[in-house]
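Descriptive structure summary
Spelled out from the first residue to the last, the chains are:
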Amino acid sequence: MGNSMPVKRIAIFGSTGSIGKQALDVIASHPNRFVPEILTAQNNEDLLIMQALKFKPNIVVIGNEKKGHKVKQALATTDTKVFIGEQALEEVAAMDCYDMMLAAIVGFAGLKPTLQAVENGKAIALANKETLVVAGDYVMKKAVENKVPIIPVDSEHSAIFQCLIGETRNKIEKIILTASGGPFFGKKPNFLVNVKRDHALQHPNWDMGAKISVDSATLMNKGLEMIEAKWLFNLRPDQVQVVIHPQSILHSMVQFEDGGIKAQMGLPDMRLPIQYALAFPYRIANKFPRYDFKKPNVLSFEDPDIKTFRNLVLATQALHKGGNLPCVLNAANEIAVYAFLRNRIGFLDMTDMIEQAMEHVPYIEQPTLEEYFDSDAEARNFAASLIKL
Ligand code: NAD
Ligand code: MG
């Protein structure tokens, strides 16, 4: 029996990013299974135009209004409709012309369109982890209400999701999230204090967007992923463990009540979890490189150095305390990362900024959606005020 998967119409929110481009690679190799119906970008109008000419989507959205005219002109003779501006993302997410949204916008900006798609009853392939970090309770509640599956794209969560297939009756003892350790694995604060943008962007195993590359270097990425996992898999905070695994071959594990551990493995290639999420519940053949057990390989595991990488401690606090604290952590982190990328603050200053924002913004135990937006804005303003002029 073959897997007679129906053609899926995909909306890629963030098609010009690292995840978006790799998703289009996957789609290009399976034209009978996936149709790219909607593509969106914020600033990179040239790439969006090229993607539109190649993939002929029904709709494109360019977020930056200044670039709208150029995109409209370039696509004037095609059948692709062009929408412009931030509001258009939500408008398009509310449409009926697609089956699944690949949420691949980076940061808090991904929350509103993703929520719109959930309320619209569309399946979500979720790369934008910040959506769940900020408002996981709200988003998961809406997903249940609208019977919307949220299929993780993040490699660790895809691994856990895959390990849980067929285990619905069985209790999870804990999950073990693997972390590569990033480019500064083994380094100490006396080294990190002098680290600059270009150095932080050199990830040993994965080629990713700038924000997540810095998050990987500070280990905030793993902190965000702990919170993401809590919501995706309905876990208690004490059921989430992080282990450093520098080779990024084993993508995460689930330990069940009987002590048995299931792991999912493969080469570090984001096209694998992207394809898995787009095609779920099917697996489809591809020609991506395979991991070779015949080569001499070492797979190693160790505890993270939380004295040096304090972001993991802050994220663990946010995970345990919940409420609006993960939202505040995320907002301050976004400001800190972009300030670091512009050489405005040092590598270690990022953690101090986040810590201060977490102390400053009043704690709310059960925030409404509006209160999440307020907490986000307050944390951003406070963190920005810490950047010296
Ligand atoms: P990226 O920076 O390469 O791309 C981001 C995309 O979002 C671009 O298409 C950009 O146009 C769009 N965008 C940026 N700001 C926007 C805004 N304000 N409004 C609307 N659109 C906006 O990022 P990426 O590395 O592809 O990551 C995307 C998401 O996927 C992030 O949440 C990241 O944590 C997650 N993720 C990425 C990887 C990876 O390997 N890159 C792995 C796991 C998870
Ligand atoms: Mg990940």
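Up top is the structure these notes are about.
Everything in this summary refers to the structure shown in the same document.

Cut-off values and rules
- Residues numbered from 1 in each chain as written.
- Chains lettered and ligands numbered in written order.
- Predicted model: local features only at pLDDT ≥ 70, side-chain atom pairs only at ≥ 80, totals over all residues.
- Heavy atoms only, no water.
- Buried < 20%, exposed > 50% of the residue type's maximum accessible area, 1.4 Å probe, protein only.
- Helix = DSSP H or I, 4+ residues; strand = E, 2+ residues; numbered from the N terminus.
- Pairing = 2+ DSSP bridges.
- Axes fitted to C-alpha atoms, helices over the stretch in contact; angles between N-to-C directions.
- Donors = N, O, S within 2.8 Å, 3.2 Å for Na, K, Ca; no water.
- Near = heavy atom within 4 Å.
- Polar contact = N/O pair within 3.5 Å; in protein donor to acceptor, adjacent residues only side chain to side chain.
- Areas by Shrake-Rupley, 256 points an atom, 1.4 Å probe, with all protein chains shown as cover.
- Nonpolar A, V, L, I, M, F, W, Y, C, P; charged D, E, K, R; others polar.
- Right-handed = clockwise from strand over helix to strand, strands pointing away.
- Contact = heavy atoms within 4.5 Å.

**A short note on the pairing of strand S1 (residues 8-13)**
Walk down a regular strand and you will see the side chains alternate between the two sheet faces. Most of S1 sits out of view: five of its six residues are buried. Bridge analysis of S1 against strand S2 (residues 34-41) gives six bridges, and the strand direction is parallel. Looking at S2, one finds that Arg9 is bridged to Val35. Of the pairings in the sheet, the one linking S1 to strand S5 (residues 100-103) comprises four bridges and is parallel in character. Each residue of the ladder has a partner; that of Ile12, found in S5, is Leu102.

**Quick look at the sheet that holds S5**
An order of S4-S3-S2-S1-S5-S6-S7 is seen for the seven strands of this open sheet, with the pairing classed as parallel. The sheet terminates laterally at strand S4 (81-84) and strand S7 (150-152), the two strands that pair on one side only. Taken pair by pair, the neighbouring strands of this sheet meet at an average axis angle of 20°, ignoring direction.

**Brief notes about the coordination of the magnesium ion (ligand 2)**
Within the protein, the atoms that donate to the magnesium ion (ligand 2) are Asp154 (OD), Glu156 (OE) and Glu225 (OE), at distances of 2.1 to 2.3 Å. Mapped onto the polypeptide sequence, the residues donating to the magnesium ion (ligand 2) form the spacing pattern D-x1-E-x68-E. You can see Asp154 sitting in the loop between S7 and helix H7 (155-163) and its partner Glu225 sitting in helix H11 (residues 220-233), a full 71 residues away along the chain. Exposure class is identical for Asp154 and Glu225. Each is buried.

**Quick notes on the site of ligand 1**
Close to ligand 1 lie 22 residues, the nearest being Thr16, Ser18, Gln42, Glu130 and Gly209. Here an oxygen atom of ligand 1 sits 3.4 Å away from a polar atom, N or O, in the main chain of Ala127. Taking Glu130, its side chain carries an N or O atom lying 2.7 Å from an oxygen atom of ligand 1. For ligand 1, the accessible surface in isolation is 820 Å², of which the surrounding protein chains cover 85%. When the residues that make up the shell around ligand 1 are grouped by side-chain class, the tally is 11 nonpolar, eight polar and three charged.

**Some remarks on the pairing of S5**
Alternating residues of S5 divide into Met100 and Leu102 and Met101 and Ala103, and every residue in both groups is buried. Where S5 meets strand S6 (residues 123-126), four bridges bridge the pair, whose relative direction is parallel. When the bridges of S6 are listed, Met100 appears paired with Ala123. At this point the chain moves from S5, through helix H5 (residues 111-119), to the parallel S6, and the crossover so formed is right-handed.

**A look at the sheet that holds strand S11 (residues 261-265)**
Strand order across the open sheet formed by four strands is S9-S8-S10-S11, with mixed pairing between neighbours. This sheet does not close on itself; its edge strands, each paired only once, are strand S9 (240-244) and S11. Averaged over all neighbouring strand pairs, the angle between strand axes comes to 20°, with direction disregarded. Note: strand S8 (residues 172-179) against strand S10 (residues 250-256), four bridges, orientation antiparallel. Within S10, the residue paired with Ile175 across the bridge is Val254. Packing against the sheet, H11 makes contact with S8 and S9, and its axis sits at approximately 155° to S8.

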